[in-house]
Amino acid sequence: MSLLSAGVVVADDAALPTEDDYYRITRFEVPEDVVLEASAFQLMPDGRMAVASRRGEIWMVDNPFADEVKAEQFTRFAHGLHEVLSLAEKDGWLYLTQRCDLSRIKDSDGDGLADQFEVVNDGWEISGDYHEYAFGSKFDANGDIWVTLCLTGSFSSKCKYRGWCVRINSEGELIPTCSGIRSPGGVAFNAEGDVFYTDNQGPWNGTCSLKHLIPGKFMGHPGGFAWYDIAEDVMGPRPQEPKSGSRFMTEAKKIPEYEPPVILFPYKKMGQSASGIACDTTGGKFGPFEGQMFVADQTFSTVMRCSLEKVQGHYQGACFPFREGFGSGSLGVEMTPQGAMFVGGTNRGWGSRGNKPFAVERLDWTGKVPFEIHSMHARPDGFELVFTQPVDAETAGNVESYTLETYTYIFQASYGSPEVDHTTPTIESATVSEDGLRVRLKVDGLQEGHVHELHSAGVRSADGLPLLHKEAYYTLNYIPTGEVAAAK
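Residues numbered from 1 in each chain as written. Predicted model: local features only at pLDDT ≥ 70, side-chain atom pairs only at ≥ 80, totals over all residues. Heavy atoms only, no water.

**A closer look at the environment of Ala 378**
Part 1: The topology assignment puts Ala 378 in strand E27 (residues 373-379).
Part 2: Classification of Ala 378 by relative accessible area gives buried; the value is 2%.
Part 3: A C-alpha to C-alpha distance of 9.8 Å links Ala 378 and Leu 441, two positions 63 residues apart in sequence.
Part 4: Each residue touching Ala 378, except ones within four places of it in the same chain, is listed here: Glu 309, Gln 316, Phe 383, Tyr 474, Leu 476 and Pro 480. (Helix = DSSP H or I, 4+ residues; strand = E, 2+ residues; numbered from the N terminus. Buried < 20%, exposed > 50% of the residue type's maximum accessible area, 1.4 Å probe, protein only. Contact = heavy atoms within 4.5 Å.)

If you want it as structure tokens, here you go:
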């Protein structure tokens, strides 16, 4: 045992709680000789869970919330599809975004197997290049599905609408929506119904990121600009091309159509291949993070957590480690109304920390609340931290409990970027709220357009526990001005 401050005692590290104490992974037993590279999930009206595979199959899992899920609970529903990466259900149909189109399938005779297959829209094209992935959303409030289309390779768009986001409306029509996409890994809505996708490190993407899809906007990679020639009536003229070697926010101020990344995921710190997205809208059934977004990382076999806010009309926010230890490379992520998160994995084509070639898993909250930084909010002169449990006022109010550094990435046409433009702001004061749930950090040296990497290693809870995760990474594209209401 070690004494931290008057009346605050914490156990040695060996006795400290771990991620597994709060969020437990259930690993599903997949049928023998089946390669199920789980890429997407959809809970069906009858309670079965549909699971898509990169191998072009869809499986149904009976009783997917059971304490143990065995091989006999899996039934193959459909096969012969083309790399299904997204699923959505509506009016008895299972909609699937595959490499070549948006299709829908159903079981019309009730024998448990799909027997009707219809193409809804195939208005984009493919060349056979391995990189031409297609990720689709669930249905939005208008009945549209948003589809993010990977470039042909990393640099160019050799096929129609590669490097774009398009919407397929309820009439089956394709609507060009955003340009500038490189290599998406997932697309989903936040609690307010706004649309986000993950993009991956490469040309014009110094690191992986979460980006906000707004109709008419440019996401940063000019490789698909040629398709403005057929989309100008919807999108307007093509934007100015960004200057290679610049910075994200420098170009955002010059190019009105450009929407900078919402959150930059620091490379090799938070992951290397951002993928599926889910939002907690379960009303507390998944723990204390209602309204936050969860993003998988394929290389690290993790799921991270993101808290967003709007500053000057733009989304930005912080990412935090959340759960590691998934069996394969985390790809598809699905949050269900029951408060369970399903995570699918694959490592074909890339390595992953999880050493299995594929995985189907479920993450459940145990009912215990971890001591975490719940959210991090930008203020004109620093940040406000909100905690999941009351803090110990002495440690949380000591500036020596925190370290803060900043950096950004080069916005360039070549592949990726190192961290650049490092600074070390000064934390001048740390003020603890009366209820112990908030700490106001006054900071000298905030840097617009930088990731602000905060470590809170010295902070303890009122019960003497250290934070389960000490790191927070806030992407400060815009610094608030004037008075800002206290965070909830």
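Alright, that's what it looks like, and here's the rest.
**Considering the nonpolar core**
Part 1: Among the nonpolar cores identified, the biggest contains 75 residues, and Trp 124, Phe 265, Met 376, Phe 387, Tyr 402 and Leu 441 are the most heavily contacted of them.
Part 2: In terms of nonpolar packing, the next biggest core, distinct from the first, is built from 17 residues, Val 30, Met 49, Phe 74 and Ala 340 among them. (Core = buried A, V, L, I, M, F, W, Y, C linked by side-chain atoms within 4.5 Å.)

**Details of the sheet that holds strand E33 (residues 450-455)**
Part 1: The strand order E20-E21-E22-E23-E34-E33-E29-E30 describes an open sheet built from eight strands, whose pairing is antiparallel. Edge positions in the open sheet fall to strand E20 (274-279) and strand E30 (419-423), since each of these has one partner strand only. Here the strands of the sheet are splayed against their neighbours by 25° on average, with no regard to which way each runs.
Part 2: Note that E20 and strand E21 (residues 293-297) share four bridges and pair antiparallel. For Cys 279, the partnering residue across the bridge sits in E21 and is Met 293. (Pairing = 2+ DSSP bridges. Axes fitted to C-alpha atoms, helices over the stretch in contact; angles between N-to-C directions.)

**Remarks on the layout of surface pockets**
Part 1: When its volume is computed, the largest pocket comes out at roughly 720 Å³.
Part 2: Along its surface, the largest pocket is lined by 36 residues, and Lys 138, Ala 188, Ile 277, Glu 334 and Met 335 are the ones closest to its centre.
Part 3: Those elements that place two or more of their residues in the lining of the largest pocket are strand E4 (38-43), strand E8 (86-90), strand E12 (134-139), strand E16 (184-189), E20 and strand E24 (330-335).
Part 4: When its residues are assigned to classes, the lining of the largest pocket shows 19 nonpolar, 14 polar and three charged.
Part 5: Around the second largest pocket, the lining comprises 25 residues; the ones closest to its centre are Tyr 133, Ser 183, Asn 200, Ser 273 and Trp 350.
Part 6: Sorting the residues of the lining of the second largest pocket by element identifies E16 and E20 as the ones contributing at least two each.
Part 7: Each residue belonging to the lining of the second largest pocket can be placed in one class, and the counts come to 11 nonpolar, 11 polar and three charged. (1 Å grid on protein atoms, 1.4 Å probe; cavity = no way out; pocket = protein on both sides within 12 Å on 5 of 7 lines; lining within 4 Å. Points joined across faces, edges and corners; volume = space filled by probe spheres on them. Nonpolar A, V, L, I, M, F, W, Y, C, P; charged D, E, K, R; others polar.)

**Here's the deal with the pattern of salt bridges**
Part 1: Enumeration over the complete set of coordinates arrives at 27 salt bridges.
Part 2: Two residues, Lys 211 and Asp 199, come together in a salt bridge whose shortest N-O distance is 3.8 Å. Here Asp 199 lies in strand E17 (residues 195-199) and Lys 211 lies in strand E18 (residues 209-213), a separation of 12 residues in the sequence.
Part 3: Judged by its relative accessible area of 0%, Asp 199 is buried.
Part 4: For Arg 247, the salt bridge identified is with Asp 421, shortest N-O distance 2.7 Å. Of this pair, Arg 247 sits in the loop between helix H2 (228-235) and helix H3 (248-252) while Asp 421 sits in strand E30, and the two are 174 residues apart along the sequence.
Part 5: Members of the salt-bridge network, linked through shared partners, are Glu 37, Arg 54, Arg 55, Glu 83, Arg 99 and Arg 348. (Salt bridge = Lys/Arg side-chain N within 4 Å of Asp/Glu carboxyl O.)

**Quick look at unusual backbone geometry**
Part 1: Here the phi dihedral of Glu 83 falls at roughly 50°; this positive angle occurs in a residue that is not glycine.
Part 2: Within the fold, Glu 83 resides in the loop between strand E7 (74-78) and E8.

**A look at the packing of aromatic side chains**
Part 1: Scanning all chains against the criterion turns up 23 aromatic pairs.
Part 2: Between Tyr 23 and Phe 286, the ring centres sit 5.0 Å apart and the planes meet at 50°, which makes this aromatic pair tilted. Taken together, the residues span a long stretch of sequence, with Tyr 23 in strand E3 (residues 23-27) and Phe 286 in the loop between E20 and E21 at a distance of 263 residues. Phe 286 carries the same exposure label as Tyr 23, and that label is buried.
Part 3: Relative to Phe 139, the ring of Tyr 95 has its centre 4.9 Å away and its plane inclined at 90°; by these criteria the two rings are edge-to-face. You can see Tyr 95 sitting in strand E9 (residues 93-97) and its partner Phe 139 sitting in strand E12, a full 44 residues away along the chain.
Part 4: Ring-pair connections join several aromatic residues into one group, and the members of that group are Tyr 161, Trp 164, Trp 204, Phe 218, Phe 225, Tyr 228, Phe 248, Tyr 258 and Phe 411. (Phe/Tyr/Trp six-rings, centres within 6.5 Å; stacked < 30°, edge-to-face > 60°.)

**Observations concerning H2**
Part 1: Taken as a whole, H2 has its buried residues at Tyr 228, Ala 231 and Met 235. Seen end-on, H2 carries its buried residues on one side only, within an arc spanning 80°. Seen from the open side of H2, the exposed residues pointing more than 90 degrees away from its buried face are Asp 229 and Asp 233.
Part 2: Among the structural elements, strand E14 (164-168) and strand E15 (174-179) are those in contact with the buried residues of H2.
Part 3: Remark: Gly 236 follows H2 within two positions and exhibits a positive phi of approximately 85°. (Arc of directions from axis to C-beta.)

**Some words on the side chain of Thr 148**
Part 1: In this fold, Thr 148 is placed in strand E13 (residues 145-149).
Part 2: Residue contacts for Thr 148: discarding those within four places in its chain leaves Tyr 133, Ala 134, Phe 135, Trp 164, Cys 165, Ile 181, Pro 184, Val 187, Tyr 197 and Leu 213.

**What about the pairing of strand E10 (residues 102-106)?**
Regular strands place side chains that alternate from one sheet face to the opposite one.
Part 1: In the sheet, E9 pairs with E10 via four bridges, with the strands oriented antiparallel. Directly across from Thr 97, in E10, lies its bridge partner Leu 102.
Part 2: Two successive antiparallel strands, E9 and E10, enclose a turn made up of four residues.
Part 3: By the bridge criterion, five bridges tie E10 to strand E11 (residues 116-121) in an arrangement that is antiparallel. In the strand pairing of E11, Leu 102 is matched with Asn 121.

**Side note on the environment of Glu 32**
Part 1: Among the structural elements, Glu 32 can be located in the loop between E3 and E4.
Part 2: Note: C-alpha distance between Glu 32 and Lys 90 (58 residues apart in sequence) is 31 Å.

**Let's talk about the confidence of the model for the protein chain**
The predicted structure's coordinates, where accompanied by low pLDDT, should not be read in detail.
Part 1: Across the protein chain, the average pLDDT comes to 96, with 96% of residues at or above 70.
Part 2: Across residues 1-9, where pLDDT falls below 50, the model places 20 contacts with residues more than four positions away in sequence or in other chains. (pLDDT = per-residue confidence, 0-100.)

**Description of the side chain of Ser 275**
Part 1: With respect to the element layout, Ser 275 can be found in strand E20.
Part 2: Look past the residues within four positions of Ser 275 in its chain and what remains in contact with it is Gly 185, Gly 186, Thr 198, Val 295, Ala 296, Asp 297, Gln 298, Ser 330 and Leu 331.

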